[in-house]
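Here's the letter readout for the chains.
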Amino acid sequence: MNDGGAKSETLLQVTEINGRGRSLVAAQPLRGGQVILRESPLLLYSAFPFLSSPPPPYCDHCFRLLSQSSQRCQSCSLVSFCSPNCTSSHTPWLCESLRRLHQSSSAAFADQSPERQVQARFLLSAYNLAAASPSDFQILLSLQGNGDSTSDSGFLHSLLSAVCPPLPVPISPELTAALLAKDKVNGFGLMEPFSVTNEKRSVRAYGIYPKTSFMNHDCLPNACRFDYVDSGGSDGNTDIIIRMIHDVPQGREVCLSYFPVNMNYSGRQERLLEDYGFRCECDRCKVEASWSEDENEDMEEMDGEDDEEEEEMEEGEGCGDGVDDDDSSFPHAYFFARYMCEKENCFGTLAPLPPKGLDASRLLECNVCGSVKEDEVGGNA
């Protein structure tokens, strides 16, 4: 973990919260806009199916858009890199595995879904991690997510064990199933650039960020994630950066939203149950569970009026807003009006720019489209 990760040790602490498991809480008061965590990925892999045609237009290491001067691997001819500095992750083991898999891919993947092809990419990256850095592989295995053998893991195990060169760790059906479970609940997507004409952005790559994966979900989060994959520089563009949306006191859990916060109650619950295996019982969900279907649809369209008020959470027992006002309330509409991006088809979350000195920034940055606007409300939530 880089310097940002080391700094986070003084800002965040891992603790067990009843009903929520392993969580990150503020080890000291945190300010809106403060960068509380910057983390490099344990592993990265392309989100494009193995048989993509044309091949992915991104560097297979840093996932920036390839230029005319990009270099294709001369051994397997299956991946390209934007510069010689980006070839380090393409080990001889991974190169040979890709080559062998590609030779058998016409028969192996002919009837397989794109999702299963992407799962094969993840497993190759995970096994490559085992060969290149056994200690990091143990970190991957320590993450949450328990897998049972399924038809998906059985097929992928048979395929990869037949084509991959030998590894320091034996490839077993149980290991394959466990790794797929880790990826399902801990993976973060690095997204395609935002476009106002594209309502749904696709994913260019997936990464595993161990410490960030400790952060639980809340439907009104107090922190949000930024990434700058297309930024300049030679390193660090695939780091995840977590910034506070507003001030929180020491002991308060720090949470992200795993998807755009404007989704309605039923949509959120369905997504969380399908993708992460749990139902959300945050304060917002407790309120919206009693709403009519029409009210929840209005919430998704950002036009609904929230006449209900959330109960303020006990310090250290959830994320929430951190508001300590007289009537202990924090209407949903206030969060949307202040912290939701207004740009068409964006659905991003706004957070203040990092504060300079003692002065809080009055500029809010969107974590999806990157637009910056002045905070019209001012003050701390």
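Thresholds applied
Residues numbered from 1 in each chain as written. Predicted model: local features only at pLDDT ≥ 70, side-chain atom pairs only at ≥ 80, totals over all residues. Heavy atoms only, no water. Pairing = 2+ DSSP bridges. Helix = DSSP H or I, 4+ residues; strand = E, 2+ residues; numbered from the N terminus. Axes fitted to C-alpha atoms, helices over the stretch in contact; angles between N-to-C directions. Contact = heavy atoms within 4.5 Å. Buried < 20%, exposed > 50% of the residue type's maximum accessible area, 1.4 Å probe, protein only. Lys, Arg positive; Asp, Glu negative; His and termini not counted. Salt bridge = Lys/Arg side-chain N within 4 Å of Asp/Glu carboxyl O. Polar contact = N/O pair within 3.5 Å; in protein donor to acceptor, adjacent residues only side chain to side chain. 1 Å grid on protein atoms, 1.4 Å probe; cavity = no way out; pocket = protein on both sides within 12 Å on 5 of 7 lines; lining within 4 Å. Points joined across faces, edges and corners; volume = space filled by probe spheres on them. Nonpolar A, V, L, I, M, F, W, Y, C, P; charged D, E, K, R; others polar.

- If you look the protein up in an unreviewed UniProt entry, it shows as SET domain-containing protein from Brassica napus.

Comments concerning the sheet that holds strand β8 (residues 203-208)
For step 1, the next point in the chain: Strand order in this open sheet of three strands is β4-β8-β7, and the pairing throughout is antiparallel. Every other strand in the sheet has two partners, leaving β4 (43-46) and β7 (187-191) as the edge strands with one partner each. Strand-to-strand twist of the sheet, defined as the mean angle between neighbouring strand axes without regard to direction, takes the value 30°.
For step 2, the next point in the chain: As paired elements, β4 and β8 share four bridges and run antiparallel to each other. Paired with leucine 43 across the bridge in β8 is isoleucine 208.
For step 3, the next point in the chain: Contacting β4 and β8, helix α3 (residues 114-132) crosses the sheet at an angle of about 150° to β4.

Here's the deal with the side chain of aspartate 183
For step 1, the next point in the chain: Looking at where aspartate 183 falls in the secondary structure, it is placed in helix α6 (residues 173-186).
For step 2, the next point in the chain: Despite being buried, aspartate 183 has no salt bridge partner; lysine 184 is the closest side chain of opposite charge, sitting 9.0 Å away.
For step 3, the next point in the chain: Among the polar contacts listed, one links the side chain of aspartate 183 to the side chain of tyrosine 45, at a separation of 2.8 Å.
For step 4, the next point in the chain: Every residue in contact with aspartate 183, bar those within four places of it in the chain, is listed here: Tyr45, Phe122 and Ile208.

Points about the layout of surface pockets
For step 1, the next point in the chain: Computed from the structure, the second largest pocket encloses a volume of approximately 800 Å³.
For step 2, the next point in the chain: Taken together, 33 residues form the lining of the second largest pocket, with Leu42, Leu43, Leu44, His61 and Ser89 sitting closest to its centre.
For step 3, the next point in the chain: For the lining of the second largest pocket, the elements supplying multiple residues, two or more each, are β4, α2 (92-108) and α3.
For step 4, the next point in the chain: Ranked by the residues each element gives to the lining of the second largest pocket, the list is headed by α3, at six residues.
For step 5, the next point in the chain: Taken together, the residues of the lining of the second largest pocket break down into 14 nonpolar, 15 polar and four charged.

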